[in-house]
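Residue strings, one per chain:
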Amino acid sequence: MSGEKKLKIKLKKKEGAPSAATTEGNELFKLLSKIAKLLDGVDSLRGVEIEAEEIVLEGVMLPTDLLAGALRQATAAPAAAEAVAPPKPTELESFKFEKPVRSYVGKFEEVKIGATAEEGGSRAFTLTIGGSETPAMHAFEGRLPHRPVVAYLVFDEDPGLPETLLEYYGDVKDDPVAWAKKCVEEFGAKMIFLDLRSTDPHGTNRSAEDAAKTVKAVLEAVSVPLAICVRSGDMKKDVEVLKRAAEVAAGENVILYCGSLTLPAILAAGEALADEIYEYFKAAKEHGHVVVAYQPLNLPGIAVLNKAAMEHGVPKSKILIDPGSVAVGYAVEMAISAMDAIYNKALVGDESYQMPLMYIPANAWMYRESYDDVEEWGDTEQRGHAWEIGTAMAALMSGAHLLVMLDPYAIDAVENFLDRLYLPKIESVEGLLRHLPGSNCKACGFETCKELADAVLKGETDVDKCQRLGDAGKRAVKKLLSPPSPPVVESEEIASWIKELP
Amino acid sequence: MAEKGKEVRASPMELMKQLPGEDCGDCGFDTCFEFALAIFDRRKRYDECTKLNDAQRKALAKMLAPPMREVVLGVGERARRIGGEEVMTREELGFFGKTVIAYDVWDTMSEERLRDRLKEIYEIKAVKVKEAFSADAIAVRNVSGDPKKFKEAVKIVSEQTDVPLILCSFDPKALRVAVELVKDKRPLLYAATKDNWADVLELAKKYAVPVAIFSPNDLDTLGAIAKTFAKNGVEDLVLDPGTFTEPGSLLQTFCNLIMLRRACVEDGVKEVSYPTMAVPATITMTVGDRKKAAQLETMLANALITKGINLVILHYPNTWGFFPMVMLRESVFKHPKAEEKVDPGIYEFNEPDELSPVLVTTNYTMTYGVVSSELERVKVPCWLLVVDTGGLSLDTVAGTGEWADLLEEAVDEFNLDEKVKHRILIVGQVVAEYKEDMEEALPDWKIVIGPKDSTEIGPFLKEKWKEFLKESGIEA
């Protein structure tokens, strides 16, 4: 454009009050599009002066932004950008997040472990697992009624514990009764998972009768719910051992775990299973125990066992599934997928898969990554803890309802995690201790963190005494001592994490 | 309002129509249709076809675009592509945007300390079967509140590393000076918030870099910021709904991440269809002990990785935690249909000689991995004959009736008779019922059925091997 033209536009407010801010915005737009038409063919807008009077704009974009936008649209000439700076949005687009909630027709069974005196057993309490109505962690769309349980694994003979674990169990490794007692009394175990490995015919080959004595002694020594496990690979011997164990534990509602159930190579409908499998179900049924459908990474096999158990009188509420408890680094993805698939089936109503899931992260200790001193693998002790914890996380996030673990340090970390998920009221010393630094720095005036925990629980002092916990840590402990209901999530907790990390 | 509706995936047949149809074999498949199947279930990327024209490339890109945007962090060999997810659970298709594991440094560190810490981060290593892993990215935190200091720290870090950087500050001024310095390295700006988004948007536009949006426990605002950015042409976004770790809050952290993913992959809510991230480092704020905090942080990262979160920022660099974390990540993000093969051949363990036992396994990665790690552990010298079963496990291949022939081929091909003096093969118990077949196929060899479980290999060899040799008339 050769000569510069000066345009003067006056925008006047319409007579009468505007009905809505947007109406006024629309009016403005209309007007501007008229201007745009007027400017058709104009390639530069230098010198444009706009005079706007008496315009009240509420809840709409600023007129300058609107004008700039409209003019840019209208002229579509690069030169226009020179004249008017690109619009800088000053308000966020509106957006409402709709929770992607699904409804599920199926849900997991609830399974109770243990029996109190009134129930015909001698346990101090019972534990209930399962009952999930949604996939793991989907609390926004349904109930996950029971906190997963972590059971302590106890062997009836030393399995060759690595250094890291000898630290905790060195004094009890040859005595399952003392071992179980230590787990309960010192570490606060809520359940013992007794592995009768000494009955392995390829190993010590102790008799079923001997094993039954151990079971009896452990039941007498501790009052928490119990699981009994055999996994020698020899189905005949394993079932023989479990049958005797089931008898001596009659009425205690223990879990009878057999890791050696072998199915026919081809799973044809109506195909008879090995006699031992039926004997196993029968023992559980007669003495009121829980069975486990264990078939590693084999969903059809799990369904076959579940159906067979129910057909042979084991109620659905007395069956668990072990999908194959592999460790991180050893095809854990296949176990995750198996659990995902079980959830997908269970929640759409497939009754062959609605039994709670158990997982044995303790298996991580079978692999050298968890215990071998290899310098380039990093600190052996911490790595061992991390390997079992990592395996537990994979299982937990995939919906496991019962974890069987070995390393007290790892269990403590997992329970800490569960506390953060479920916000229980903490009333025990070991429960509180896991949320204290554990460094025994004495700065609080107590000799150990444990003494401080004890004093806090008795109301004799306050967690503010702890010199190591920061504000967030103290707040976390207070939440656990006196849980707010419903739990509150305050965005301030982490709003300035960039600066607040130590 | 949310734009709803998940797009239906193109079928292999539809994809096939966009391929050259020449069956040239360059992609490694014999036919274009096999390649179509492979790009359909994402074992391959469509650009691995060398003969695509522009129109076909464009059409395929559109047909195969996953609901979740793919975002590239960094440049060059160390760049990481995150996002691109399509499903909630890996068994449905697979997870693809492998979790980027980042460690932090901060700008109140002295230069010396900063360099030490960087060294500490570089030294983290993990090795899985021949593949080596190290830290994927470095997050620089603006703790000082001073843009100048932030810039200095970013300068030192960027000179020392070629991994993607994450510039962490809520102060647009600090972000501006930092991004100006490393604008060619595609750093991730962390973060746009409800307070600073307009300025961060300007930066993202100007420098064309990806941006994380941080909106703790407020998915409406998170989506609103993302929508505003997308509307203004900034679409390389990463969503951080906040990593709450306090009791009663942690569950919400997972819920938010899961809801965002489902809204994206199942409901097609475009506004939130971006990769997600979390900061497990926040858990350290609630723990009064470094060692403990390091374990809890690793634990939380593992939980997030299992759920397929695309980026995590950690505070405690160490190999003991990184190793299992990477193993878990490689598992979770492994394609469910990925080929599970190792090279067939004869492998040596613990310096075997001509009288050492020969064990037999298949070239299925898992079987090989389990057996080989056990052999390393028990330290018994032996040979491992890895038979080419096309990557099938021993029990799978047993059912096909071909095992004996495959075994014979392997013994022959790898000249086993030249390696050892004896003629004894130890095979797994799952093929015990094919003993006769094996003996028929290998008349010169004695077939011994080994233990069922790999953990029994050690005792088995130690106890029985000499007997077997004796039976064969050989004195050890």
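Keep in mind that what you see is a predicted model, and the values were worked out from it rather than measured.

Rules behind the numbers
Residue numbers restart at each chain and count upward from 1, following the sequence in its written direction. Lettering for chains starts from A, numbering for ligands starts from 1, and both go in the order in which the items are written. The model is predicted, so local features are restricted to residues of pLDDT at least 70 and side-chain atom pairs to those at 80 or more, both for listing and for counting; the totals for chains, interfaces and linings are taken over all residues. The side-chain numbers reported here are obtained from all heavy atoms of the structure, hydrogens and water having been left aside. Counting from the N terminus, the helices are the DSSP runs of H or I reaching at least four residues and the strands are the DSSP runs of E reaching at least two. Burial classes: relative accessible area under 20% of the type maximum marks a residue as buried, over 50% as exposed, and values in between as partly exposed (1.4 Å probe, protein chains only). The Shrake-Rupley method, run with a 1.4 Å probe sphere, supplies the accessible areas, and residue values consider only the shown protein chains as cover. Residue contacts follow a heavy-atom distance rule, with two residues in contact if any of their heavy atoms lie within 4.5 Å. Angles run from 0 to 180 degrees between N-to-C directions of axes, and those axes are lines fitted to C-alpha atoms, restricted for helices to the stretch in contact. For a crossing to be left-handed, the near helix must be turned anticlockwise from the far one by less than a right angle; the clockwise case is right-handed. Strand pairing is assigned whenever DSSP identifies at least 2 bridges connecting the two strands. Patch members must show over 30% relative accessible area and no salt bridge, and they are joined within 9 Å when carrying like charges or within 5 Å when they are nonpolar side chains of Val, Leu, Ile, Met, Phe, Trp or Tyr. A side-chain nitrogen of Lys or Arg and a carboxyl oxygen of Asp or Glu constitute a salt bridge if their distance falls within 4 Å. Only buried residues count toward a nonpolar core. Its members are Ala, Val, Leu, Ile, Met, Phe, Trp, Tyr and Cys residues joined through side-chain atoms within 4.5 Å. Residues scored as positive are Lys and Arg, those scored as negative are Asp and Glu, and His as well as the terminal groups of each chain are ignored. Once two parts are put together, the accessible area they lose, assessed with a 1.4 Å probe and summed over both, is termed the buried area. Side-chain atoms alone can form a polar contact between residues adjacent in sequence; in general such a contact is a pair of N or O atoms within 3.5 Å, and within protein one must be able to donate a hydrogen while the other accepts it. Our arc is simply the arc of the directions from the helix axis toward the C-beta atoms. Stacked, edge-to-face and tilted are the three classes for Phe, Tyr and Trp ring pairs, Trp counted by its six-membered ring, which pair at centre distances within 6.5 Å; planes under 30 degrees apart are stacked, over 60 edge-to-face, the rest tilted. Only when the NZ atom of a Lys or the CZ atom of an Arg is both within 6 Å of the ring centre and within 35 degrees of the ring normal do we say a charge sits over the ring. One confidence number per residue, pLDDT, is output by the predictor and ranges from 0 to 100. Any helix carries an expected span of 1.5 Å times its number of residues minus one.

### Digging into the overall build of chain B
- Secondary structure summary: chain B contains 17 helices and 17 strands in total.
- The 476 residues of chain B split such that 59% are buried.
- Counting only carbon and sulfur atoms, one obtains 46% of the accessible surface of chain B, whose full area is about 19200 Å².

### Thoughts on the overall build of chain A
- Within chain A one finds 17 helices and 12 strands.
- Within chain A, the proportion of its 502 residues that are buried is 52%.
- Long-range pairs, those at least 24 residues apart, make up 68% of the contacts in chain A with a sequence separation of at least 6.
- Of the roughly 21900 Å² that chain A leaves accessible, carbon and sulfur atoms contribute 50%.

### Focus: the packing of helix H7 (residues 197-207) of chain B against helix H8 (residues 219-231) of chain B
Residues and elements named next belong to chain B.
- Contact geometry of H7 with H8 gives a least axis separation of 11 Å together with a crossing angle of 35°. The two elements H7 and H8 cross, and the hand of that crossing is right-handed. In this structure, H7 contributes Trp197, Val200 and Leu201 to the contact, and H8 contributes Ile225, Thr228 and Phe229.

### Details of the sheet that holds strand E5 (residues 149-155) of chain A
All names here are of chain A.
- Read across the open sheet, the eight strands follow the order E10-E9-E8-E7-E6-E5-E12-E11; overall the sheet is parallel. Single-partner strands in this sheet number two, and they are strand E10 (319-322) and strand E11 (358-359).
- Two elements, strand E6 (residues 192-195) and strand E7 (residues 226-230), share four bridges in a ladder whose sense is parallel. Counted as the bridge partner of leucine 194 is isoleucine 228 from E7.
- Each of strand E9 (290-294) and E10 is contacted by helix H9 (residues 299-311), which is oriented at about 165° to E10, the strand it contacts most.

### Description of a nonpolar patch on the surface
All names here are of chain B.
- Together, Met13, Phe33 and Leu37 make up a nonpolar patch on the protein surface, roughly 250 Å² of accessible area in all.
- For phenylalanine 33, the position within the fold is in helix H2 (residues 32-40).
- The exposure class assigned to phenylalanine 33 is partly exposed, which follows from its relative accessible area of 31%.

### Regarding the pattern of salt bridges
- Evaluated as defined, the whole model comprises 60 salt bridges over all chains.
- Ionic pairing is found between Asp158(A) and Lys173(A), a salt bridge with its closest N-O pair at 3.8 Å. Taken together, the positions of Asp158(A) in the loop between E5 and helix H4 (163-169) and Lys173(A) in the loop between H4 and helix H5 (176-185) put the pair 15 residues apart, joining distant regions of the chain.
- The partner of Glu220(A) in a salt bridge is Lys216(A), with the nearest N and O atoms 3.6 Å apart. With a gap of four residues between them, Glu220(A) and Lys216(A) both fall in helix H6 (residues 208-221), about one helical turn apart.
- Note on Glu220(A): relative accessible area 60%, which makes it exposed.
- One network of salt bridges, in which partners are shared, links Arg9(B), Arg42(B), Arg45(B), Glu70(B), Arg81(B) and Glu86(B).

### Details of the nonpolar core
- One finds Phe417(A) and Phe254(B) to be the most contacted residues of the largest nonpolar core, which totals 222 residues.
- Among the elements that make up this core, the one with the highest residue count is helix H9 (residues 250-265) of chain B (11 residues).
- Grouped together as the second largest cluster of nonpolar side chains are 27 residues, Ala102(B), Cys168(B), Ala212(B) and Phe244(B) included.

### Regarding the sheet that holds strand E12 (residues 311-314) of chain B
Residue and element names in this part refer to chain B.
- Taken in spatial order, the eight strands of this open sheet run E10-E9-E8-E7-E6-E3-E12-E11, and their pairing is parallel. Whereas interior strands pair on both sides, the edge strands pair on one side only; in this sheet they are strand E10 (237-240) and strand E11 (277-278).
- Two elements, strand E3 (residues 100-106) and E12, share four bridges in a ladder whose sense is parallel. Counted as the bridge partner of alanine 102 is isoleucine 313 from E12.
- Sitting on the sheet, H7 is in contact with strand E8 (188-192) and strand E9 (211-214), with an inclination near 160° to E8.

### What to know about the side chain of Asp289(B)
- Summarising the element assignment, Asp289(B) is placed in the loop between E11 and helix H10 (290-306).
- In this structure, Asp289(B) is buried with no salt-bridge partner, the nearest side chain bearing the opposite charge being Arg468(A) at 4.1 Å.
- Contact partners of Asp289(B), with chain neighbours within four places excluded, come to Pro437(A), Ser439(A) and Arg468(A).

### Digging into the interface of chain A and chain B
- Counting residues at the interface gives 94 residues for chain A, matched by 100 residues for chain B.
- In total, chain A and chain B occlude about 8400 Å² of area from one another, counting both sides; carbon and sulfur atoms represent 65% of this.
- Per-residue buried area on chain A facing chain B is highest for Phe95(A), Arg420(A) and Trp497(A); these three make up 11% of the total on that side.
- Inspection of the region where chain A meets chain B yields nine salt bridges.
- A salt bridge links Asp220(B) to Lys96(A); the shortest N-O distance between them is 3.4 Å.
- Counting across the chain A and chain B interface gives 28 residue pairs in polar contact (both at pLDDT 80 or more).
- At the level of elements, helix H10 (332-347), helix H11 (380-397), helix H12 (408-422), helix H15 (471-481), helix H16 (492-495) and helix H17 (497-500) of chain A are the ones that each hand at least two residues to the side of chain A that touches chain B.
- Ranked by residue count, the leading element in the side of chain A that touches chain B is H11(A), at 10 residues.

### What to know about the pairing of E3(B)
Residues and elements named next belong to chain B.
- Burial within E3 is extensive, with seven of its seven residues counted as buried.
- Residues Val100, Ala102, Asp104 and Trp106 of E3 are buried on one face, and the alternating residues Ile101, Tyr103 and Val105, pointing to the opposite face, are buried as well.
- Alignment of E3 against strand E6 (residues 137-141), held across five bridges, turns out to be parallel. Bridge pairing in E6 places aspartate 104 opposite alanine 139.

### A look at the environment of Lys62(B)
- Within the fold, Lys62(B) resides in helix H3 (residues 54-64).
- Separated by 52 residues in the primary sequence, Lys62(B) and Ala10(B) place their C-alpha atoms 9.6 Å from one another.

### Points about the environment of Val371(B)
Residue and element names in this part refer to chain B.
- When you line up the elements, valine 371 lands in helix H12 (residues 365-378).
- Valine 371 sits in the buried class, given a relative accessible area of 12%.
- Residues valine 371 and serine 454, 83 residues apart in the sequence, show an inter-C-alpha distance of 5.9 Å.
- Here valine 371 is in contact with Thr361, Leu384 and Ile457, once residues within four sequence places are set aside.

### A closer look at helix H14 (residues 403-413) of chain B
Residues and elements named next belong to chain B.
- Within H14, burial applies to Trp403, Ala404, Leu406, Leu407, Ala410 and Val411. When H14 is viewed along its axis, its buried side chains cluster within an angular range of 165° and face the same direction. For H14, the exposed residues lying more than 90 degrees away from the buried face are Asp412 and Glu413.
- Where H14 is buried, its residues meet strand E14 (358-362), strand E15 (382-387), helix H13 (394-398), helix H15 (416-419), strand E16 (424-427) and helix H16 (435-441).
- Downstream of H14 by a residue or two, asparagine 415 has a phi angle that is positive, lying close to 45°.

### Quick look at the packing of aromatic side chains
- Evaluation of the coordinates by the stated rule reveals 22 aromatic pairs over all chains.
- On the basis of an interplanar angle of 10° and a centroid distance of 6.2 Å, the ring pair of Tyr152(A) and Phe187(A) is categorised as stacked. Placement of Tyr152(A) in strand E5 and of Phe187(A) in the loop between H5 and E6 is noted, with a sequence separation of 35 residues between them. There is no split in this pair, since Tyr152(A) and Phe187(A) are both buried.
- An aromatic cluster of at least three residues, connected via ring pairs, comprises Tyr152(A), Phe155(A), Tyr168(A), Tyr169(A), Trp179(A) and Phe187(A).
- For Arg261(B), the ring lying beneath its charged end belongs to Phe95(B), and the centroid distance is 4.4 Å.
- Looking at Arg423(B), its charged tip hangs above the ring of Trp445(B), at a distance of 5.0 Å from the centre.

### Some thoughts on the confidence of the model for chain A
Residue and element names in this part refer to chain A.
- Summary statistics for chain A give a mean pLDDT of 87 and a share of 83% for residues scoring 70 or more.
- Every residue in residues 1-22 scores below 50 in pLDDT, and together they form 36 contacts with partners more than four places removed in sequence or on other chains.
- In the model, residues 74-83 has pLDDT below 50 throughout and makes nine contacts with residues more than four positions away in sequence or in other chains.

### Some thoughts on H12(A)
Residue and element names in this part refer to chain A.
- Here H12 is 15 residues long and its end C-alpha atoms lie 20 Å apart, about the 21 Å a rise of 1.5 Å per residue gives.
- When you tally the buried positions in H12, you get 12 out of 15 residues, the bulk of the element.
- For H12, the complete set of buried residues consists of Pro408, Ala410, Ile411, Ala413, Val414, Glu415, Asn416, Phe417, Leu418, Asp419, Arg420 and Leu421.
- Residue aspartate 407 occupies the N-cap position of H12, its side-chain oxygen lying 2.9 Å from the main-chain nitrogen of tyrosine 409.

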